[in-house]
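One letter stands for each residue in the lines below.
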Amino acid sequence: MSFGRYFRIALFSPYLFGGIAAALAFTTEFGVENELVFFTVFSLVFAGIPYALFVAFAFAWSKLRSDTEIKKAMWLAPLLFLPLLIIVPFISGSPDSFLQAIASIAILWGFALAYGYGYVLLTYCGWALIKKLGLGCE
């Protein structure tokens, strides 16, 4: 498997992990009191639509790029995703003021950067594992 193919598959991992977290949120053992489960479900619900747009673009873009170009772009991806989150406060309920909208966007951007770079690191670790198992080639 090439890194490009692995990358296109890995683009869907936030939906996979979000779905697992959503399923865990409805169990009595985890529930929404668990902050990690809550924030993962929150990101799936509120950032899922903007992320779908991002996935569509990244999926198409990566088909025409080399593995090296994709690896470089992965580090920029969380930053490139941020403008798509501007719409989230407005689709989740109209903010009372402009300053409240700006504050909501700033908080979302902080979570998006943390989650985005977390997924970039997970993707790199997954690729290292695949290469170590002899299933990936560059």
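Rules behind the numbers
Residues numbered from 1 in each chain as written. Predicted model: local features only at pLDDT ≥ 70, side-chain atom pairs only at ≥ 80, totals over all residues. Heavy atoms only, no water. Helix = DSSP H or I, 4+ residues; strand = E, 2+ residues; numbered from the N terminus. Buried < 20%, exposed > 50% of the residue type's maximum accessible area, 1.4 Å probe, protein only. Areas by Shrake-Rupley, 256 points an atom, 1.4 Å probe, with all protein chains shown as cover. Patch = residues over 30% accessible without salt bridge, like charges linked within 9 Å, V, L, I, M, F, W, Y side chains within 5 Å. Salt bridge = Lys/Arg side-chain N within 4 Å of Asp/Glu carboxyl O. Contact = heavy atoms within 4.5 Å. Polar contact = N/O pair within 3.5 Å; in protein donor to acceptor, adjacent residues only side chain to side chain. Phe/Tyr/Trp six-rings, centres within 6.5 Å; stacked < 30°, edge-to-face > 60°. Lys NZ or Arg CZ within 6 Å of the ring centre and 35° of its normal.

A few words on the overall build of the protein. Helix and strand content of the protein: six helices and zero strands. The order of helices and strands in the protein, counted from the N terminus, is α-α-α-α-α-α. Buried positions account for 34% of the 138 residues belonging to the protein. Carbon and sulfur atoms form 74% of the exposed surface of the protein, whose accessible area is close to 8,600 Å².

A surface patch of nonpolar side chains, amounting to about 380 Å² of accessible area, comprises Leu-16, Phe-17, Ile-20 and Leu-122. With three residues, the top contributor of residues to the nonpolar patch is helix α2 (residues 13-25). Here Leu-122 shows up in helix α6 (residues 98-132).

Buried residues dominate helix α1 (residues 3-10), accounting for six of its eight residues. For α1, the complete set of buried residues consists of Phe-3, Gly-4, Tyr-6, Phe-7, Arg-8 and Ala-10.

Take the side chain of Arg-8 next. Mapping Arg-8 onto the fold places it in helix α1. Filtering out sequence-adjacent residues up to four positions away, Arg-8 remains in contact with Phe-59, Ser-62 and Lys-63.

Here we come to the side chain of Ser-13. Following the sequence through the fold, Ser-13 ends up in helix α2. There is a polar contact of 2.8 Å between the side chain of Ser-13 and the backbone oxygen of Ala-10.

The geometry of an aromatic ring pair is captured by the separation of the ring centres together with the interplanar angle, meaning the angle of the planes. Applying the stated criterion to the full structure yields 11 aromatic pairs. Note on Phe-3 and Trp-127: the rings are 5.2 Å apart at their centroids and 85° apart in plane angle, and the pair reads as edge-to-face. With Phe-3 in helix α1 and Trp-127 in helix α6, the pair connects residues that are 124 residues apart, well separated along the chain. Judged by its relative accessible area of 3%, Trp-127 is buried. Centroid distance Tyr-6 to Trp-127: 5.4 Å. Interplanar angle 40°. Geometry classified as tilted. Of this pair, Tyr-6 sits in helix α1 while Trp-127 sits in helix α6, and the two are 121 residues apart along the sequence. Taken together, the aromatic side chains of Phe-3, Tyr-6, Trp-75, Tyr-117, Tyr-124 and Trp-127 make up a single cluster linked through ring pairs. In this arrangement the basic side chain of Lys-71 is found over the ring face of Phe-3, its NZ or CZ atom lying 5.0 Å from the centre.

So, about the environment of Glu-69. Take Glu-69: it is sitting in helix α4 (residues 67-81). Along the backbone, Glu-69 and Gly-4 are 65 residues apart, and their C-alpha atoms lie at a distance of 9.5 Å. A distance of 2.9 Å separates the side chain of Glu-69 from the backbone nitrogen of Ser-66, its partner in a polar contact.

With respect to the secondary-structure elements, Arg-65 resides in the loop between α3 (35-62) and α4. For Arg-65, a relative accessible area of 34% corresponds to the partly exposed category. With 61 residues separating them along the chain, Arg-65 and Gly-4 place their C-alpha atoms 7.9 Å apart.

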